[in-house]
Amino acid sequence: MARVPTGLRNFAILLLIWEIAGRMDLVASGALPGFSEILIRLWEDRADYPRHIWATLYASGVGFLIGNAIALIAGVAFAMSPTLLRLFRGVNIAVFALPPIAIAPILVLTLSDMAPRIVLAALAVYFVTMTATVIGISQSDNRASDLVKAYGGSRWRILWLVQLRSALPTITTGFQIAAPNAVLGAILAEFGGGGRWGLGTYLLGSLGRGEPDRLWGIGLIATAIAGLGYLFFALISRRLLGATRAVTLNTATPLGDAVSASPFKRVLMLMGIVSLPFLLWWAFIVLTGVPAMIAKTPFGVIDYLFFAKTAPVAQEKLLQALSETLPITFAGMAAGIGFAFLLAISTRLFPNAIRAFMPVALVTQTMPLVALTPLLVLIFGRGTSLTLWVTISVTFFPAFVTLAQGIALVPRSAQDLPRAYGASAWQEMRIVTIPASLPYLFAATRLTVPRALLGVMIAEWLATGRGLGNLLNQSRGYLDFGMIWTVAFVSVLLSVVLYQLVVAIERKVLRSLGMQTAE
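Residues numbered from 1 in each chain as written. Predicted model: local features only at pLDDT ≥ 70, side-chain atom pairs only at ≥ 80, totals over all residues. Heavy atoms only, no water.

Would you mind going over the overall build of the chain in detail, with residue names and values included?
A count of helical and extended segments in the chain gives 22 helices and zero strands. Buried positions account for 52% of the 519 residues belonging to the chain. When contacts within the chain are restricted to residue pairs at least 6 apart in sequence, those whose partners lie at least 24 apart make up 79%. Counting only carbon and sulfur atoms, one obtains 70% of the accessible surface of the chain, whose full area is about 24000 Å². (Helix = DSSP H or I, 4+ residues; strand = E, 2+ residues; numbered from the N terminus. Buried < 20%, exposed > 50% of the residue type's maximum accessible area, 1.4 Å probe, protein only. Contact = heavy atoms within 4.5 Å. Areas by Shrake-Rupley, 256 points an atom, 1.4 Å probe, with all protein chains shown as cover.)

Structure representation (structure tokens):
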């Protein structure tokens, strides 16, 4: 008798539990319908879906291609030029940390047709893939590069023959995370008013009807789209990993960087890092011709927050919102990273248990955040617990994927050495695997920082009526564009500060271990 695959068996058990709990109204008095009830509603609404699916699929697909193309080019350029990477660090972080819900209305007013959705989808994938490219190239084996150089290979030949091939598993892991992000970006633009068709538009129109089966149906369709993209690149990553695993650890010491630069050059670099995002902000307003009523330059935000007649009121609203948003952001970020770290370690120590958990984890990653939040509202209500659940669910899985990739890339020869001396699996993990995968731990943390803040703001925006997300929502209703730009700027500034703190710790730790840094 053929044995049922573990993954299929676990999935069937999960659906059975779901069906029983839904049919018996065990979750929040029917907030979670039975799986068969959701399928029946999907069939009844089948005429509504084709145009909505196509609109979201088109925008997210085009945005995915454009964003990743730019990210790959930028990642290669940054890996080859650490100076360029440092110069654009502020821009890169700002692009990733910029809340899509803040700029979606502005993009809808300044761009036409599908452009707002495509732009947000491209922005959602850029930072993840760019970071993965830089990490993959930076962590390539220097001895292979030296061998190509010894035979007269140019810098570009080394990049093509060694570094890019070594980076392929990491890049495809970036694609795994980027695929659901592209869907999220498109749906967020649809929530911001970007057109008649799209799953985000359909979901927004269905929120107030008290029909959980329809909401779950829309969420599952969005999850299926994002999940197929994730699984496609997961299969590619798995095949590439087997062909590119290193033989030994790369213990090369980082080459010289900004530390050896003169004080004058350091000042110039710092000025460039700080000013470039603001110059691009100003250039966007000028080049797109955004009306003065809507557009706020950096000086306009400063005037709105400190010198205008309404500045004291604006400051009070902003400080109150920050006091509500920041604590839950830190708590959710710490919990998400901690959970991801434990889960990544467990993939080696308890692989069977992790495979049983993965279907649930995959759904939390691939279901777009704006689709997940209304469903969690039905289950948890609109309190702090909801915001914490949303934040953990959207931060732990990208961190887990990155950490699991780092653990999988640790050479088997390095892992076998402690075992030969009688070390247990946990001792080997503590001595070899965890230290060797530290670059990926810091990369996961850097990815998590802006995502945690975005998760909290979306939960506040859609459900809790508190914090920065609610302030943003109210400002949109009042057409208070000054506050919209201010919230966007403050959220980016917070993400940049936290990101730079992680980078500083990363540099200190990895240099002490003689490992290369990605920044």
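So much for the structure itself; the text now carries on.
So what's going on with the environment of Leu322? Which residues, and what values?
In this fold, Leu322 is placed in helix H14 (residues 311-349). With a relative accessible area of 15%, Leu322 lands in the buried category. Spatially, the C-alpha atoms of Leu322 and Ser491 are 9.4 Å apart, while their sequence positions differ by 169 residues.

Could you give an account of empty space enclosed by the protein, with specific residues and numbers?
Within this structure, the stated rule accounts for four cavities of 30 Å³ or more. Phe96, Leu98, Pro100, Ala124 and Leu454 are, among the 20 residues lining the largest cavity, the residues nearest its centre. When contributions to the lining of the largest cavity are tallied by element, the ones reaching two or more residues are helix H5 (89-97), helix H6 (100-110), helix H7 (115-138), helix H9 (155-191), helix H20 (438-464) and helix H22 (481-512). Top element by residues in the lining of the largest cavity is H20. It accounts for five residues. For the second largest cavity, the calculated volume is near 100 Å³. Around the second largest cavity sit 13 residues that line it, and Ala132, Thr170, Thr173, Thr402 and Leu447 are the ones nearest its centre. Put simply, the parts of the chain that give the lining of the second largest cavity at least two residues each are H7, H9, helix H17 (384-408) and H20. (1 Å grid on protein atoms, 1.4 Å probe; cavity = no way out; pocket = protein on both sides within 12 Å on 5 of 7 lines; lining within 4 Å. Points joined across faces, edges and corners; volume = space filled by probe spheres on them.)

Before we move on, could you go through the pattern of salt bridges and cite the residues and values that matter?
Under the counting rule described, the total for this entry stands at three salt bridges. In this structure, Asp213 engages Arg41 in a salt bridge whose closest nitrogen and oxygen atoms are separated by 3.4 Å. With Asp213 in helix H11 (residues 212-244) and Arg41 in helix H2 (residues 35-44), this residue pair connects regions lying 172 residues apart in the sequence. For the pair Asp213 and Arg41, a shared accessibility class is recorded, and that class is buried. One salt bridge in this structure joins Arg214 and Asp45, with 3.1 Å as the shortest N-O distance. Placement of Arg214 in helix H11 and of Asp45 in the loop between H2 and helix H3 (49-80) is noted, with a sequence separation of 169 residues between them. Note on accessibility: Arg214 and Asp45 belong to one class, buried. Here the salt bridges share partners, and the residues they tie into one network are Arg41, Asp45, Asp213 and Arg214. (Salt bridge = Lys/Arg side-chain N within 4 Å of Asp/Glu carboxyl O.)

Talk me through the side chain of Arg41; I want residue IDs and the actual numbers.
Since its relative accessible area comes to 12%, Arg41 is described here as buried. Those residues in contact with Arg41, other than ones at most four positions away along the chain, are Glu211, Asp213 and Arg214.

Could you give me a rundown of the confidence of the model for the chain, with the residues and numbers involved?
Chain-level statistics for the chain give a pLDDT mean of 76 and a share of 79% at 70 or above. Within the chain, no element has a lower average pLDDT than helix H15 (residues 351-366), which sits at 60, and none a higher one than H3, at 89. Below pLDDT 50 for its whole length, residues 243-259 participates in 38 contacts with residues either more than four positions away or in separate chains. (pLDDT = per-residue confidence, 0-100.)

Lay out a nonpolar patch on the surface in plain terms, naming residues and giving numbers.
Residues Phe264, Val267, Leu268 and Met271 make up a contiguous nonpolar surface patch of roughly 430 Å² in combined accessible area. Looking at Phe264, the relative accessible area reads 58%, which means it is exposed. (Patch = residues over 30% accessible without salt bridge, like charges linked within 9 Å, V, L, I, M, F, W, Y side chains within 5 Å.)

Would you mind going over the layout of surface pockets in detail, with residue names and values included?
Here the second largest pocket is characterised by a volume of approximately 1200 Å³. Lining the second largest pocket are 35 residues, with Val91, Ala94, Val95, Leu98 and Pro277 sitting closest to its centre. Within the residue set of the lining of the second largest pocket, elements represented by two or more residues are H3, H5, H6, H7, helix H12 (263-288) and H22. Grouping the constituent residues of the lining of the second largest pocket by class yields 31 nonpolar, four polar and no charged. (Nonpolar A, V, L, I, M, F, W, Y, C, P; charged D, E, K, R; others polar.)

Quick one: what's the story with the nonpolar core, residue by residue and with numbers?
Ranked by internal contacts, the top residues of the largest apolar core, which has 48 residues, are Ile101, Leu199, Leu318, Met457, Leu468, Trp485 and Val487. Leaving out residues up to four positions away in the same chain, Ile101 has contacts with Leu188, Met457, Ile458, Trp461, Leu472 and Arg476. Listed in part, the 32 residues of the second largest apolar core include Tyr126, Val128, Ala234 and Ala344. (Core = buried A, V, L, I, M, F, W, Y, C linked by side-chain atoms within 4.5 Å.)

Let's hear about the packing of H14 against helix H19 (residues 425-436): which residues, and what values?
Where H14 contacts H19, the two axes come as close as 11 Å, and the packing angle between them is 120°. The angle between H14 and H19 falls in the class oblique. At the point where H14 passes H19, the crossing takes the right-handed sense. From H14, Phe341, Ile345, Arg348 and Leu349 reach across to H19, where they touch Ala425, Trp426, Glu428, Met429, Thr433 and Ile434. (Axes fitted to C-alpha atoms, helices over the stretch in contact; angles between N-to-C directions. Parallel < 35°, antiparallel > 145°, perpendicular 65-115°, else oblique. Left-handed = near helix turned anticlockwise from the far one by under 90°.)

So what's going on with the packing of aromatic side chains? Which residues, and what values?
Scanning all chains against the criterion turns up eleven aromatic pairs. The interplanar angle of 80° and the centroid separation of 5.4 Å between the aromatic rings of Tyr49 and Tyr202 together place this pair among those described as edge-to-face. Remark: Tyr202 occurs in helix H10 (residues 199-206) and Tyr49 occurs in helix H3; sequence separation between them is 153 residues. For Tyr49, a relative accessible area of 5% gives the class buried. Judged by centre distance (6.1 Å) and plane angle (25°), the rings of Phe278 and Trp281 are stacked. Residue Phe278 and its partner Trp281 are located together in helix H12, separated by three residues, close to a single helical turn. Judged by its relative accessible area of 31%, Phe278 falls in the partly exposed class. A cation over a ring is seen here: Arg46 above Trp43, with NZ or CZ 4.0 Å from the ring centre. (Phe/Tyr/Trp six-rings, centres within 6.5 Å; stacked < 30°, edge-to-face > 60°. Lys NZ or Arg CZ within 6 Å of the ring centre and 35° of its normal.)

So what's going on with the packing of H7 against H20? Residues and values would help.
For the pair H7 and H20, interaxial distance at closest approach is 11 Å and the crossing angle is 165°. When the axis of H7 is compared with that of H20, the two are roughly antiparallel. As H7 packs across H20, the resulting crossing turns out to be right-handed. Contacts from Phe127, Val128, Thr131 and Ile135 in H7 reach Tyr440, Ala443, Arg446 and Leu447 in H20. Classifying every residue of the contact of H7 with H20 by side-chain character gives six nonpolar, one polar and one charged.

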